[in-house]
Amino acid sequence: MPHTDAAAVALARHGDSEAFKALVERHSRAVYRLAHRMTGNPQDAEDVVQETFLKAYRQLGRFESRANFGTWLHRIAVNCSIDVIRGRKHQETAHDAADLDMLDGDADDRVDPSPERLMLSTEVQEQVTRAMDGLTHMERAAFVLRHFEGQSIDEISRGLGLKANAAKHSIFRAVRKMRLALEPFVESER
Amino acid sequence: MSMSTTLHLTDDDLVLLYYGEMARADEARTESHLDACHACRENYARLQRVMAFVDSAPAVDAPDGFERVAWARLEPELGSARRGWIRSALSPAYLALAAAVLVLVGGAFMAGRLLPKTPVNTGAGAKTTDTVRERILLVDLGEHLDRSQMVLVELVSAGADTGTVDISSERARAEQLVAANRLYRQTAVSTGDAAMASMLDDLERVLVDIAASPSTMSQDDLDSVRRRIESKELLFKVRVVSSQVRDRQKAELASRSANSTVGS
């Protein structure tokens, strides 16, 4: 197995499938984590992993050997996740508006802050996962890109095919929902 | 921004502040409001605590053995991806680049064997452009071979007084040479120059090996690389080809100066 990504890429470019396998073994887990965060769905995350590596394989010739393979792959994975989310965009437009109207009213139904319920799911990961599951696909994508990926609102609007104002409001709604879901727990832990 | 000096900051203002998305002037006003307003400061602190909590949550991990599953799904698809790759290699942009290199390799190594000795139906302008391009590319290839030769010579003559040899410099240079070598090799293959393609293929394999090596090598590993270089007579072949390129360059120069004398 090649010691470095650069060596594996160089061999994979010549059709060495074992070298490409080494890259898949090294990076597929990280791509899955990103994809799951973006899509919120294990099946979609697996599809994003598959598509990401296929695109990377097709584009190996364009990869500059001085660049970091992990960073390059990460960018491809973000774009593949966005493709999945954009594919659902029209499906949830109505849901977005209705969801926002209901936000204040049904927050307690989605995440019950009572100590009894919280004792059942005290793991931080579970809390955050549940809160993010309360976001629409677009809100989730915009939030992940802004919060975890550090993309600006302009970049997010271009990536997701939204107007800048719409991207901004997706982030606002996502943060409001995250706060509604998590703040009772966070504050009760202080 | 919806804030004024008397109104409280909205949650959305705080989100923009948190992510550094506020205009600079608004940001200064917001911060000064936060300094003065206890309620907004508390609200911002609550936002920051929630975001810190989100940060502390690890992302959902893939199930055990995911890497094997991912590979099992991918492997059958790679054949068709490779065919797609070949199709993209036949795109006009790639072909234009390959054509430029073709002139170089054809001019330098085939000496008219694959390219026509006499330009057919070419105007004086086109002929001049091709000649200039060939000269530039000849220099480029000559330098590539010289740099490759230097890396090989340094490795062959390196000694391991302390049991290990630092090859980080050679490794970094080999990494840079691999991509260019690949293009030259592909062009040699496409022009049907098997000997040239074979030499560049041997060179590329050694360069990839060096690029993939750790920055320090044991004497045994170094001996293994050295044997590989020597078994293929690689250094000798690179020297011969490099010398041919130089001769070709000299011939080009002589031809140019003869033409300019005649023309003057």
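Residues numbered from 1 in each chain as written. Chains lettered and ligands numbered in written order. Predicted model: local features only at pLDDT ≥ 70, side-chain atom pairs only at ≥ 80, totals over all residues.

Enquirer: I'd love a proper account of the overall build of chain A, names of residues and values included.
Expert: Across its full length, chain A holds ten helices and zero strands. Ordered by position in the sequence, the α and β elements of chain A form the string α-α-α-α-α-α-α-α-α-α. By residue count, 43% of the 190 residues in chain A fall in the buried class. Contacts spanning at least 24 positions in sequence make up 64% of the contacts within chain A whose residues lie at least 6 apart. (Helix = DSSP H or I, 4+ residues; strand = E, 2+ residues; numbered from the N terminus. Buried ≥ 20, exposed ≤ 12 C-beta atoms within 10 Å, placed from the backbone. Contact = placed C-beta atoms within 7 Å.)

Enquirer: Tell me about the overall build of chain B, residues and numbers included.
Expert: The secondary structure content of chain B amounts to ten helices and two strands. Secondary structure of chain B in N-to-C order comes out as α-α-α-α-α-α-β-α-α-β-α-α. Taking all 264 residues of chain B together, 24% fall into the buried category. Across chain B, the fraction of contacts at a sequence separation of at least 24, relative to all contacts at a separation of at least 6, is 75%.

Enquirer: Break down the interface of chain B and chain A for me, with residues and values.
Expert: Of the residues lining the interface, 38 residues belong to chain B; the matching set on chain A comes to 44 residues. Sort the elements by how many residues they give to the side of chain B that touches chain A and helix 4 (residues 66–89) of chain B lands first, with 13 residues. The residue inventory of the side of chain B that touches chain A, partitioned by class, reads 24 nonpolar, two polar and twelve charged. (Nonpolar A, V, L, I, M, F, W, Y, C, P; charged D, E, K, R; others polar.)

Enquirer: Can you explain helix 8 (residues 194–212) of chain B? Please cite residues and give values.
Expert: Here helix 8 of chain B contains 19 residues, and its C-alpha end-to-end distance of 26 Å stays within 8% of the 27 Å for a straight helix at 1.5 Å per residue. Those residues of helix 8 of chain B that sit buried are Met196(B), Met199(B), Leu200(B), Leu203(B), Glu204(B), Val206(B), Leu207(B), Val208(B), Ile210(B), Ala211(B) and Ala212(B). (Expected span 1.5 Å × (residues − 1).)

Enquirer: Could you give me a rundown of the confidence of the model for chain B, with the residues and numbers involved?
Expert: Residue and element names in this part refer to chain B. On average, chain B scores 75 in pLDDT, and the residues at 70 or more come to 69%. By mean pLDDT, the top-scoring element of chain B is helix 1 (residues 11–18) (96), and the lowest-scoring one is helix 5 (residues 92–110) (53). Counted against residues more than four places away or in other chains, residues 110–122, with its pLDDT under 50, gives eleven contacts. (pLDDT = per-residue confidence, 0-100.)

Enquirer: For the environment of Leu60(A), give the residues involved together with the corresponding values.
Expert: Residue and element names in this part refer to chain A. Note that Leu60 resides in the loop between helix 3 (42–58) and helix 4 (69–88). With 20 C-beta atoms counted inside 10 Å, the residue Leu60 sits in the buried group. C-alpha of Leu60 to C-alpha of Ala12: the two residues are 48 residues apart in sequence and 8.0 Å apart in space. What Leu60 contacts, discounting residues up to four positions off in sequence, is Val9, Ala12 and Arg13.

Enquirer: Go over the packing of helix 8 (residues 137–147) of chain A against helix 10 (residues 164–188) of chain A, please, and point to the residues and values.
Expert: Residue and element names in this part refer to chain A. Running from N to C, helix 8 and helix 10 point in directions that differ by 90°, and their axes come no closer than 8 Å. The angle between helix 8 and helix 10 falls in the class roughly perpendicular. Of helix 10, the residues touching helix 8 (which contributes Met138, Glu139, Arg140, Ala142, Phe143 and Arg146) are Ala167, Ser170, Ile171, Arg173 and Ala174. Of the residues assigned to the contact of helix 8 with helix 10, the class counts are six nonpolar, one polar and four charged. (Axes fitted to C-alpha atoms, helices over the stretch in contact; angles between N-to-C directions. Parallel < 35°, antiparallel > 145°, perpendicular 65-115°, else oblique.)

Enquirer: I'd love a proper account of helix 7 (residues 124–133) of chain A, names of residues and values included.
Expert: If you check which residues of helix 7 of chain A are buried, you get Gln127(A), Val128(A), Ala131(A) and Met132(A). Along the axis of helix 7 of chain A, the buried positions cluster into a sector of 125°, meaning they face one direction only. Those residues of helix 7 of chain A that are buried lie in contact with helix 8 and helix 10 of chain A together with helix 3 (38–56) of chain B. (Arc of directions from axis to C-beta.)

Enquirer: Before we move on, can you summarise the packing of helix 2 (residues 17–39) of chain A against helix 4 of chain A with the specific residues and values?
Expert: All names here are of chain A. Two numbers describe how helix 2 lies on helix 4: the axes approach to 10 Å, and their chain directions differ by 40°. Helix 2 and helix 4 meet at a crossing whose hand is right-handed. Of helix 4, the residues touching helix 2 (which contributes Leu23, His27, Val31, Leu34, Ala35, Met38 and Thr39) are Phe69, Gly70, Leu73, His74, Ala77, Ser81, Val84 and Ile85. (Left-handed = near helix turned anticlockwise from the far one by under 90°.)

Enquirer: Can you tell me about the environment of Asp11(B), naming the residues and giving the values?
Expert: Its place among the elements puts Asp11(B) in helix 1. For the pair Asp11(B) and Tyr44(B), spaced 33 residues apart in sequence, the C-alpha to C-alpha distance is 8.2 Å.

Enquirer: Can you explain the environment of Arg58(A)? Please cite residues and give values.
Expert: Residue and element names in this part refer to chain A. Counting through the fold element by element, Arg58 comes out in helix 3. Using a count of 18 C-beta atoms within 10 Å as the deciding quantity, one classes Arg58 as partly exposed. Between the alpha carbons of Arg58 and Arg13 there is a distance of 9.4 Å; along the sequence they are 45 residues apart.

Enquirer: Can you tell me about the confidence of the model for chain A, naming the residues and giving the values?
Expert: Residue and element names in this part refer to chain A. Here chain A shows a mean pLDDT of 83. Residues at 70 or above account for 82%. When pLDDT is averaged over each element of chain A, helix 2 comes out on top at 95 and helix 5 (residues 93–110) at the bottom at 45. Predicted confidence is poor over residues 93–98, with pLDDT under 50, and the contacts of this stretch with residues over four places away or in other chains come to three contacts. Note that pLDDT drops below 50 for residues 100–121; the model gives that stretch 16 contacts with residues more than four away or on any other chain.

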